[in-house]
Amino acid sequence: MNRSLPEHYRDILIGLGEDPDREGLLDTPVRAARAMQYLCHGYEQSVETIVNGALFASDSDEMIIVADIELYSLCEHHLLPFIGKAHVAYIPTGKVLGLSKIARLVDMFARRLQIQENLTRQIADAVQQVTDAAGVAVVIEARHMCMMMRGVEKQNSTMNTSVMLGAFRDSSTTRQEFLQLIGRSK
């Protein structure tokens, strides 16, 4: 761990008017630094290491969907969590990606300081890059603590973002099938 990170958390506690030497806060700077490193460990990962060769030949040319992938990220504007789920689909063209790799790609990008719009795009672009799919679709639904705990304090708001590439962008029928299958359209 970078030695200065706990020192910065100690300074934050002092800046908030707290006594970092009181019993309950003695180890907080180190714990907070470790937590932040864990929450941002996506910077230490790459698409190549996540996929790790788990791309398999397949004759399938039908839509593949991994739905309801839970995600936890930190808003890059306030360093507060946003929590939600991602739905990822692609149409293979001779190769399929190992199932767990899609969830791991979502996690890798989510475990960086983010805005939801960029997170959605990064996941779609990575799946496209790895699979060379005929199309990729990603929808993310998330609740943002920066909107719930501060500012407008709207407890029941959910942000939805989508990125549609290839066949999902070009074909309204393909896009509609995906949205129906994830329960986003009637």
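Residue positions are counted from 1 within each chain, in the order its sequence is given. Given that the model is predicted, a residue must reach a pLDDT of at least 70 before its local features are reported, and side-chain atom pairs must reach 80 or more before they are shown or counted; all residues, however, enter totals for whole chains, interfaces and linings. The side-chain quantities take in all heavy atoms of the structure and omit both hydrogens and water.

(A) Spatial organisation of unusual backbone geometry. If you check the backbone angles, N52 has positive phi at about 50 degrees while not being a glycine. For N52, the position within the fold is in the loop between α3 (47-51) and β1 (55-57). The backbone of E153 shows a phi angle near 50 degrees, a positive value even though the residue is not glycine. Helix numbers and strand numbers start at the N terminus; a helix is a DSSP run of H or I with at least 4 residues, a strand a run of E with at least 2. As for its placement among the helices and strands, E153 is situated in the loop between α6 (145-148) and β7 (159-166).

(B) Highlighting the side chain of H87. Counting through the fold element by element, H87 comes out in strand β3 (residues 81-91). When accessible area is computed with a 1.4 Å probe and restricted to protein chains, residues below 20% of their type maximum are described as buried, those above 50% as exposed, and intermediate ones as partly exposed. Note on H87: relative accessible area 1%, which makes it buried. Contacts described as polar in this section are N or O atom pairs within 3.5 Å, which, within protein, must combine one atom able to donate a hydrogen with one able to accept it, while residues neighboring in sequence count only if both atoms come from side chains. A distance of 3.1 Å separates a polar atom in the side chain of H87 from the backbone nitrogen of D68. Any two residues whose heavy atoms approach within 4.5 Å at even a single point are treated as in contact. For H87, the contacting residues outside a window of four places in its chain are V66, A67, D68, A137, V138, V139, E141, F178 and I182.

(C) Examining the UniProt feature "domain: GTP cyclohydrolase I" (unreviewed entry) in the protein chain more closely. UniProt feature "domain: GTP cyclohydrolase I" (unreviewed entry): in the numbering of this structure it lies at residues 7-182. Structurally, residues 7-182 comprises 41% helix and 28% strand, and the distance from its first C-alpha atom to its last is 45 Å. UniProt positions are given in the numbering used here, feature names are shortened, and annotations may be inferred rather than shown by experiment.

(D) Representation of the packing of helix α1 (residues 4-15) against helix α2 (residues 28-39) within the structure. At their nearest, the axes of α1 and α2 sit 8 Å apart, and the two run at 120 degrees to each other. Judged by the inter-axis angle, α1 sits oblique to α2. Note on packing geometry: the crossing formed by α1 with α2 is right-handed. Here α1 contributes L5, P6, Y9, R10 and L13 to the contact with α2, which in turn contributes T28, P29, V30, A32, A33, M36 and Q37. Nonpolar residues are Ala, Val, Leu, Ile, Met, Phe, Trp, Tyr, Cys and Pro. Charged residues are Asp, Glu, Lys and Arg, and all others, Gly as well, are polar. Taken together, the residues of the contact of α1 with α2 sort by class into nine nonpolar, two polar and one charged. Axes here refer to lines fitted to C-alpha atoms; in helices the fit is confined to the stretch in contact. Angles between the N-to-C directions go from 0 to 180 degrees. The scheme is simple: roughly parallel for angles under 35 degrees, roughly antiparallel for over 145, roughly perpendicular for 65 to 115, oblique for anything else. By definition, turning the near helix anticlockwise from the far helix through less than a right angle yields a left-handed crossing, and turning it clockwise yields a right-handed one.

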